[in-house]
Amino acid sequence: MRFWTTWIATAVATACVFAPPAAAEYPDRPITLIVPYAAGGSSDIVGRLFAERLERQIGQPLVIENVGGAGGGVGAHRVATAKPDGYTLLIGSGSEVLIRQLLQPTPYDGLKDLTAISMIGTGPMVVLGKPGLAATSLADVLALARAKPDTLSYGSAGAGTFMHLAGEAIKFRTQTKISHVAYRGAAPVITDVIAGHIDLGVASLASALPFIQAGQAKAFAVTSPSRTEFAPQVPPLSDTPGLAGFDLELWIGFFGPANMPAAVTDKLRAGTLKVLDDPELKKKLADQAIAVRKLVGDDLTSFLTNENNKYRTIIKDGDIKMQ
């Protein structure tokens, strides 16, 4: 009997030595956070502010990797095709998550191939005018456009961006003809508006606000449904005849690949919600004209579905094509 007792004890001890270790609790190593644009832009700034605080919540570094190209599509595709283990994540916006696939074939579907973890924030765009433009309101601008169709021009940060869709939606709803000039980013749009090379521009309020405050460009309207705290002196587009109810804002969210384990998504989401309650983060995002917006779960799914339908309608009504 003593022999068998000793043998069993030895066997159990040996089995414990050679048994595979239990699965490590997520996360047990650094996480790559893809920003699908070059360093220095709004998405990059938001991503770095967010990552700095989320890593405190989850106990591992979030390493920012800027993966530009195809208007954000290259970075989004990398996350959509990454192993769904929670170690490759995305700071994403409507441009690469939703709009691109409505304008041209893409190798990923933002609604199906990405897990929406949380919304981070939203911010308005602004319609700018060159200093010498003979208009004091957007209604004046539209009157000029109707009087001389296709003589005015407006610039956007590129075909298929939020700014392009906003410009085309304004044109369709007011039945005006204004030529579109696609740029690579908001900075050259603002530069050419200030210099008078183009008449109008649609840009993020964050990028345009210093120039508006300096009097270098006219601010005719913001694209939020009402006046924004970031520039309360600028009226919303919805105050202009023909544009009632206009609502098209920039947004930035937090995404991972589809089919991530629920426990991983839940941990990231819980950490994110704590980060979004941080007063310091709210202030720093406000400096970028972005308001924190906490949306998760069904509310976030509904938001993305509604945004997708909104973009689809604008693209169809305006017959928008990639240029």
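Scroll up to find the structure this text is about.
Here the structure is a predicted model, which means the values were calculated and not measured.

About the cut-offs
Residues numbered from 1 in each chain as written. Predicted model: local features only at pLDDT ≥ 70, side-chain atom pairs only at ≥ 80, totals over all residues. Heavy atoms only, no water. Phe/Tyr/Trp six-rings, centres within 6.5 Å; stacked < 30°, edge-to-face > 60°. Helix = DSSP H or I, 4+ residues; strand = E, 2+ residues; numbered from the N terminus. Buried < 20%, exposed > 50% of the residue type's maximum accessible area, 1.4 Å probe, protein only. Pairing = 2+ DSSP bridges. Contact = heavy atoms within 4.5 Å. Axes fitted to C-alpha atoms, helices over the stretch in contact; angles between N-to-C directions.

1. A short note on the packing of aromatic side chains
The geometry of two aromatic rings is summed up by the distance between their centres and the angle between their planes. Per the stated rule, a full pass over the model turns up 6 aromatic pairs. Here the aromatic rings of F162 and Y311 are separated by 6.0 Å at their centres, their planes lie at 75 degrees, and the arrangement is edge-to-face. Here Y311 lies in helix α11 (residues 297–318) and F162 lies in helix α6 (residues 162–174), a separation of 149 residues in the sequence. Each of the two residues, F162 as well as Y311, counts as buried. For the ring pair W251 and F255, a centre distance of 6.4 Å and an interplane angle of 45 degrees mean the geometry is tilted. In textbook terms, an aromatic cluster arises when at least three aromatic residues are bridged by ring pairs, as seen for F162, W251, F255, F303 and Y311.

2. Examining the sheet that holds strand β3 (residues 88–93)
With mixed pairing, 6 strands are arranged side by side in an open sheet as β2-β1-β3-β10-β4-β11. Of all strands in the sheet, those with a lone pairing partner are β2 (62–66) and β11 (291–292), marking the two edges. Of the strand pairs in this sheet, β3 and strand β10 (residues 250–257) are connected by 4 bridges, and their pairing is antiparallel. Looking at the pairing, L90 lines up with F255 of β10. Running over the sheet, α11 touches β4 (114–123) and β10 and is turned about 75 degrees from β4.

3. Here's the deal with the pairing of strand β5 (residues 125–129)
Among the 5 residues in β5, 5 count as buried, and that is most of the element. Side-chain alternation along β5 places M125, V127 and G129 on one buried face and V126 and L128 on a second face that is also buried. By the bridge criterion, 5 bridges tie β5 to strand β8 (residues 200–204) in an arrangement that is antiparallel. Within the sheet, the bridge partner assigned to L128 lies in β8 and is G201.

Geometric descriptors of this kind do not, in isolation, establish any biological role.
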